[in-house]
Amino acid sequence: TISLMFPFKQTFPTPKEHTEGLNTCQYIIVHHTGTQEWTIKGVLDGLYKRDDFASCHFVIDTNGDAYKIGQPTDVLWHAGVSEWGKLKDMNHYSIGIEVIGPLSNGGFTREQQATVKKLIQHLMGVFNIPKENVLKHADITWAGSKDKKLWNWKSKSRKVDIARTFVDNYNGSWGDFQKSLISKQV
């Protein structure tokens with residue numbers, strides 16, 4: 001068990017639906033629920049009651065509260081069919097952060113953005129993760145593949161990548177967001 005000195009609102013056990021083995025925690029992947037109708041209760045119901053076969057290590061609610069699910073070293077199912085470089089099945093190599101939203105205006109709250117950044121910085125320090133290894137979901141799935149030219153980045157559909165609205169403070173650039181991540185001492 002890894003002790004993370006971070007102000008979590010609540011910590012929950014590892015979901016029963018996960019892969020045995022150890023996550024190497026080399027990457028952080030930022031996701032979003034894809035709809036503002038999700039709440040922390042809806043996410044937790046999916047993890048523990050409905051067997052949605054999807055999970056994450058952390059959930060950030062619209063008010064900025066952070067929730068911890070299991071351990072970062074658990075192999076949870078947040079990455080889906082994924083790859084990055086020569087790595088396949090990024091669930092074995094990455095920590096998943098799920099951000100509830102986007103909201104009806106297409107964005108995320110300032111509280112969410114602040115908590116996500118603080119949590120990422122904390123995890124970077126704990127696991128010695130370089131800022132280049134902080135990725136968004138579309139980087140590791142088909143939207144990040146050679147077929148990404150087919151991706152409708154301006155769509156307001158559920159499949160829009162989190163970076164479209166999450167990084168407004170960083171000139172709309174995920175690279176600028178990554179540069180802003182200076183890990184904090186643990």
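Above this note sits the structure.
Residues numbered from 1 in each chain as written. Predicted model: local features only at pLDDT ≥ 70, side-chain atom pairs only at ≥ 80, totals over all residues. Heavy atoms only, no water.

1. Some details on the environment of His57
Turning to step 1, where the next piece is worked out: Along the chain, the position of His57 falls in the loop between helix H1 (40-48) and strand E3 (58-60).
Turning to step 2, where the next piece is worked out: The buried category is assigned to His57, whose relative accessible area is 0%.
Turning to step 3, where the next piece is worked out: Expressed as a C-alpha distance, the spacing of His57 and Gly96, which sit 39 residues apart in the sequence, is 5.2 Å.
Turning to step 4, where the next piece is worked out: A distance of 3.4 Å separates a polar atom in the side chain of His57 from the backbone oxygen of Pro72. (Helix = DSSP H or I, 4+ residues; strand = E, 2+ residues; numbered from the N terminus. Buried < 20%, exposed > 50% of the residue type's maximum accessible area, 1.4 Å probe, protein only. Polar contact = N/O pair within 3.5 Å; in protein donor to acceptor, adjacent residues only side chain to side chain.)

2. Notes on the pattern of salt bridges
Turning to step 1, where the next piece is worked out: As enumerated under the stated definition, the model contains 4 salt bridges in all.
Turning to step 2, where the next piece is worked out: Linking Asp139 and Lys136 is a salt bridge whose minimum nitrogen-to-oxygen distance equals 2.7 Å. Across the pair, Lys136 and Asp139 agree in class, each one buried.
Turning to step 3, where the next piece is worked out: For Asp176, the salt bridge identified is with Lys179, shortest N-O distance 3.8 Å. Taken together, the positions of Asp176 and Lys179, both in helix H5 (residues 174-179) and 3 residues apart, correspond to about one turn of that helix.
Turning to step 4, where the next piece is worked out: Classification of Asp176 by relative accessible area gives partly exposed; the value is 27%.
Turning to step 5, where the next piece is worked out: Assessed through its relative accessible area of 58%, Lys179 is described here as exposed. (Salt bridge = Lys/Arg side-chain N within 4 Å of Asp/Glu carboxyl O.)

3. A short note on the pairing of strand E2 (residues 27-32)
In regular strands, side chains alternate between the two faces of the sheet.
Turning to step 1, where the next piece is worked out: Among the 6 residues in E2, 6 count as buried, and that is most of the element.
Turning to step 2, where the next piece is worked out: Across 6 bridges, the pairing between E2 and strand E7 (residues 94-99) is parallel. Its bridge partner lying in E7, Tyr27 is registered against Ser94.
Turning to step 3, where the next piece is worked out: Of the pairings in the sheet, the one linking E2 to strand E8 (residues 134-136) comprises 3 bridges and is parallel in character. What sits directly across from Ile29, in E8, is Leu135. (Pairing = 2+ DSSP bridges.)

Everything listed here is a matter of geometry and, on its own, says nothing about what the molecule does.
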